[in-house]
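What follows is each chain in one-letter form.
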Amino acid sequence: MTTENVALVIGASGGIATAVARQLLDDARYSTVFCVSRATTPPAALAGALRLNWLPCSGTAADIAAVRAQLDDAVGRLARVVICSGILHDGDQGPEKSLEQLDPAWMQELFNANSITPMLWLQALAKGLGRKQDCVIAALSARVGSIGDNRLGGWYGYRASKAALNMLLQTAAVELARRAPGTKLIAFHPGTTDTPLSKPFQSGVPEGKLFSPDFVAGRLLAIMDAARADGTLSYLDWDGQTITW
Ligand SMILES: NC(=O)c1ccc[n+]([C@@H]2O[C@H](COP(=O)([O-])OP(=O)(O)OC[C@H]3O[C@@H](n4cnc5c(N)ncnc54)[C@H](OP(=O)(O)O)[C@@H]3O)[C@@H](O)[C@H]2O)c1
């Protein structure tokens, strides 16, 4: 990898994303770290960083196309892409405990943020990925998106939207193996991480199992460094262990 490589973080104002962006900015291998966010300005931890290019984006298809145009030829030098977008709760809405709690509007919001937004970004970037370019793209998934691992039940919408993300990514991996064979896709489970997303659900987490965003960002970036393009999607946890589909 040369210093001409660039990195991109999407959903960049979140807890894990900010830590990922900070570590990428501290890594001299990347000449620019592009950060896409619904927020108009970077969080304090990133503000003023050299080599940071903050790109506000509402997340509509039109806005994604406009930001993609600003990225321009940088897409051909992308070495790392981390897609962090995701929601678990919002105001009164949160994970369902029973069938009676299923709400179509909330399920659509979950699918929009957790499954569709990441894929709109993959769609926007795919065209610019060169055939010889080595690029590792990780999307933040979750272990609860595993069908085989689902013994506890509950969390219908979040589980299903992450399972859908995994299927969409696997489908893209098959296509990219032909179109951009140097691209590696990873669906990443960070473990329970201390961010606003997990805040309401942290009380039952065993001691030592609530990770800091910094720890998780380091694990993810190390896993991405070690990854090699093989035409498949890897579904990995923070420890680099494969999760069953
Ligand atoms: N924290 C955990 O324990 C945990 C566990 C398993 C998986 N994950 C996954 O890790 C990812 C990052 O989560 P986090 O813990 O860092 O949470 P977070 O701090 O709440 O960040 C989530 C990010 O998602 C974006 N986002 C929020 N609402 C959105 C919406 N309606 N549409 C599109 N994007 C939206 C935001 O990006 P912008 O506002 O910057 O655009 C936000 O920065 C998520 O995909 C989450 O599902 C987290």
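Rules behind the numbers
- One numbering rule holds for all chains: residues counted from 1, following each sequence as written.
- Given that the model is predicted, a residue must reach a pLDDT of at least 70 before its local features are reported, and side-chain atom pairs must reach 80 or more before they are shown or counted; all residues, however, enter totals for whole chains, interfaces and linings.
- Just so you know, side-chain values use all the structure's heavy atoms and leave hydrogens and water out.
- The helix count covers DSSP runs of H or I at least four residues long, the strand count covers runs of E at least two residues long, and both are numbered beginning at the N terminus.
- In this scheme, a residue with accessible area under 20% of its type's maximum is buried, one over 50% is exposed, and one in between is partly exposed, where area comes from a 1.4 Å probe on protein chains only.
- Think of it this way: DSSP has to see at least two bridges between two strands before they count as a pair.
- Comment: axis = line fitted to C-alpha atoms, over the contacting stretch for helices; angle = value between 0 and 180 degrees taken between N-to-C directions.
- Contacts were defined at the residue level, with two residues in contact if any of their heavy atoms lie within 4.5 Å.
- Whenever a nitrogen or oxygen atom comes within 3.5 Å of another N or O atom, the pair is scored as a polar contact, on the condition that within protein one atom can donate a hydrogen and the other can accept it, and that pairs from neighbouring residues in sequence are kept only if both atoms are in side chains.

Caption draft 1: The arrangement of unusual backbone geometry in detail. Positive phi, normally seen in glycine, also occurs at Arg51, with a value near 75 degrees. Looking at the element boundaries, Arg51 is found in the loop between β2 (30-37) and β3 (52-56). A relative accessible area of 31% places Arg51 in the partly exposed class. Positive phi is not limited to glycine here, since Asp72 has a value of about 45 degrees.

Caption draft 2: Spatial organisation of the sheet that holds strand β5 (residues 135-140). If you walk across this open sheet you meet the seven strands as β3-β2-β1-β4-β5-β6-β7, and the pairing is parallel. The open sheet has two free edges, formed respectively by β3 and β7 (233-237), since each of these has just one partner strand. Across the sheet, the axes of successive neighbouring strands diverge by a mean angle of 20 degrees, strand direction being ignored. Sheet topology places strand β1 (residues 5-10) next to strand β4 (residues 78-83); five bridges connect them, and they run parallel. Paired with Ala7 across the bridge in β4 is Arg80. Contacting β1, β2, β4, β5 and β6 (183-189), helix α3 (residues 104-126) runs over the sheet at an angle of about 165 degrees to β4.

Caption draft 3: Focus on the environment of Arg80. Note on placement: Arg80 falls in strand β4. Given the relative accessible area of 6%, Arg80 is considered buried. In this structure, the C-alpha to C-alpha distance between Arg80 and Ala138, residues 58 residues apart in sequence, is 8.0 Å. Polar contacts involving the side chain of Arg80 include one to the side chain of Tyr30, which spans 3.4 Å.

In short, geometric facts, not functional conclusions.
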